[in-house]
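# A structural walkthrough
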Amino acid sequence: MDKGKLDCSLETRVVHGSQGFDPVTGAVSFPIYQTATFRHPGLGKSTGFDYTRQDNPTRKELEETMAILESGKRGFAFSTGMASITACLDLLSFGDHVLYSEDLYGGTYRVAETTCARHGLSFNLVDTRSLSAVEAAWKPSTKALVIESPSNPMSRVSDIRALSALAHTRGAIVIVDNTFLTPLLQRPLELGADIVIHSGTKFLAGHNDTLAGFAVVADTSLGERLFEIQRTTGGVLAPFDSWLLLRGIKTLAVRVEKQERNAHAIATWLAKRPEVAALHYAGSPDHPQRALSESQSSGFGSMMAFTLRDKELVGPILERVRVITYAESLGGVESLITYPILQTHASTPKELRDRLGVDEGLLRLSVGIEAAADLIADLEQAFTGR
Ligand SMILES: Cc1ncc(COP(=O)(O)O)c(C=O)c1O
């Protein structure tokens, strides 16, 4: 039977995927169709697969799994998160204007500022927490609104429902980067967005070992246009990496749950530390958009950032951590600590970074699945040197 037709919760769905097993042999692990091309059975005939850039059974299983998880009509797997963002921007035309959440991954900013600008797309950054700020920044040529919520790295939360309604009255599409929460905690298409994108490298792959990206669309005509872009520009996910993603997604529910539990323990600890001037975590009791977050997501995830009172402590902390690794990325089983101004947000203009609070005292933490007590003990020895 096709498992895609099973009526079950997402916790079960992540384990069983779309078809879930190989329909030919019954192999429980969906096979890796490591082939570039497919034999035609006769003149003008096709098995349904012709060439892997266009379609591949392993990638198809993954894409259909992601479409189910995100409540979308169609999913697309790309080689990286950046390839998925770039493919979505390819939906736009010369002269179009794009609005972006001002607090967003530095790479997303870089693609807007460099390649898109050269190809005739203009853009503005706006505080998408404020509906009136978005309205004020809107132009007649605005054709897309790109939202990160919660944002990277400051955990700002934007109202996806209200922003989608606003964009739709003005004829623009809404693209939400759902990397931080995954479809298990937030499903932007159900809130009205048109496209949800992911760096699949993060929670979905889950093991800090594979690069991937996704786009899932809410309607079939957008799906056809994005398929055309994907098969033409070719930034597709390879069969083996598609299989790694299918395998990673099987444990997504247990990982996300454990990571969030750990994150709450660490956030509670950080909030009481004298070294910490401010904690940026959507799950903090005093986070300004906590209620909004609860209204559109079923959890707060495991990404947070904190501002140190003394920026001179940054170097010692990054050198002293032993369980937590000083590295760029997030969402995997290993906890990582990142210094945004030198790493993820090096491309963001300094003036904007200063306004957002992405400054010399800010560290970002991606909480993994280790024992919470070990992570807290590691932070304690890194903070104090004892
Ligand atoms: C929120 C977010 N979106 C997109 C990306 C880009 O993804 P990738 O590194 O897989 O290209 C990243 C990378 O860190 C990210 O954090």
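Each value, and the rule that gives it
Once a new chain begins, its residue numbering starts again from 1 and follows that chain's sequence as written. Local features in this predicted model are restricted to residues of pLDDT 70 or higher, and side-chain atom pairs are both shown and tallied only at a pLDDT of 80 or more, whereas totals for entire chains, interfaces and linings draw on every residue. Using a C-beta atom placed from the backbone for every residue, we mark a residue as near a molecule or strand if that atom lies within 6 Å of it. In this text, helices come from DSSP runs of H or I with a minimum length of four residues, and strands from runs of E with a minimum of two, each type numbered from the N-terminal end. When DSSP locates at least two bridges between a pair of strands, those strands are taken to pair. Inter-axis angles, ranging from 0 to 180 degrees, are taken between N-to-C directions of lines fitted to C-alpha atoms, where helices are fitted over the stretch in contact. We call a set of buried Ala, Val, Leu, Ile, Met, Phe, Trp, Tyr and Cys residues a nonpolar core when their C-beta atoms link them within 7 Å. Exposed residues have 12 or fewer other C-beta atoms within 10 Å of their own C-beta, buried residues have 20 or more, and partly exposed residues fall in between, where C-beta atoms are placed from the backbone. In this entry, domain limits derive from an automatic or database-based domain assignment. By convention the crossing between two helices is left-handed if the near helix lies anticlockwise of the far one by an angle smaller than a right angle, and right-handed if it lies clockwise. In this description, any two residues whose backbone-derived C-beta atoms lie within 7 Å of each other are considered to be in contact. Working definition: roughly parallel below 35 degrees, roughly antiparallel above 145 degrees, roughly perpendicular at 65 to 115 degrees, and oblique for all remaining angles. Classification convention: Asp, Glu, Lys, Arg as charged; Ala, Val, Leu, Ile, Met, Phe, Trp, Tyr, Cys, Pro as nonpolar; all other residues, Gly among them, as polar.

Looking now at the site of the ligand. Around the ligand sit 15 residues, and of these T80, G81, M82, S199 and T201 come closest. At the level of elements, helix 3 (81-89) and helix 4 (106-118) are the ones that each hand at least two residues to the shell around the ligand.

The mixed open sheet is built from 7 strands, whose spatial order is 1-7-6-5-4-2-3. The open sheet terminates on both sides in strands that have one partner only, identified here as strand 1 (74-78) and strand 3 (122-126). Neighbour-to-neighbour, the strand axes of this sheet turn through a mean angle of 20°, independent of strand direction. Pairing of strand 6 (residues 195-199) with strand 7 (residues 213-217), which is carried by 5 bridges, proceeds in the antiparallel orientation. Following the sheet pairing, I195 is matched in strand 7 by V217.

With 100 residues, the main nonpolar core has I175, A193 and A215 as its most contacted residues. Shared between two domains, this core holds at least three residues of each, these being domain 1 (3-250) and domain 2 (253-384).

Moving on: the packing of helix 10 (residues 252-271) against helix 14 (residues 372-384). Viewed as axis vectors pointing N to C, helix 10 and helix 14 meet at an angle of 35°, and their least axial separation amounts to 9 Å. The two elements helix 10 and helix 14 meet at a crossing, and its hand is right-handed. Seen from helix 10, the contacting residues are N262, A265, I266 and W269; seen from helix 14, they are A372, L375 and I376.

Take the sheet that holds strand 8 (residues 276-280) next. Taken in spatial order, the 5 strands line up as 8-9-12-11-10 in an open sheet, and their pairing is mixed. Only two strands of the sheet have a single partner each, and these edge strands are strand 8 and strand 10 (325-326). As defined by bridge partners, strand 8 adjoins strand 9 (residues 303-308) across 4 bridges and the pair is classed as antiparallel. Residue A278 lies in a different strand from strand 9, and its bridge partner there is T307.

Before going further, it helps to examine the domain arrangement of the chain. Along its sequence, the chain is carved into domain 1 (3-250) and domain 2 (253-384). Each of domain 1 and domain 2 has a C-alpha centre, and the two are 26 Å apart. Listed by partner, the interface residues are 33 residues for domain 1 and 35 residues for domain 2. Listed by contribution, the elements that provide at least two residues to the side of domain 1 that touches domain 2 are helix 1 (10-16), helix 4, helix 6 (160-169) and helix 7 (182-185). The greatest single-element share of the side of domain 1 that touches domain 2, amounting to 4 residues, is contributed by helix 4.

This part covers the packing of helix 3 against helix 4. Contact geometry of helix 3 with helix 4 gives a least axis separation of 11 Å together with a crossing angle of 45°. Considering their axes alone, helix 3 and helix 4 lie oblique with respect to each other. Pair helix 3 / helix 4 crosses with right-handed handedness. Only G107, T108, V111 and C116 of helix 4 make contact with helix 3, whose side of the interface consists of M82, I85, T86 and L89. For the contact of helix 3 with helix 4, the residue count by class is 5 nonpolar, 3 polar and no charged.

We now examine helix 3. Counting buried residues along helix 3, 8 of its 9 residues qualify, which places the element largely inside the surrounding structure. Every buried residue belonging to helix 3 is among G81, M82, A83, S84, I85, A87, C88 and L89, and all of these are buried.

Structurally, G235 is set in the loop between helix 8 (220-233) and helix 9 (239-250). Ignoring anything within four residues of it in the chain, the contact list for G235 reads F78, S79, A83 and A87.

This next bit is on the pairing of strand 12 (residues 362-366). Of all 5 residues making up strand 12, 5 are buried, and the element is well covered by its neighbours. Judged by which residues are buried, strand 12 turns out to be covered on both faces: L362, R364 and S366 on one side and L363 and L365 on the other are all buried. Sheet topology note: the strand 9/strand 12 ladder contains 5 bridges and is antiparallel. Bridge pairing in strand 12 places A305 opposite R364. Judged from the 3 bridges that link them, strand 11 (residues 336-338) and strand 12 form a sheet pairing that is antiparallel. Directly across from I337, in strand 12, lies its bridge partner L365.

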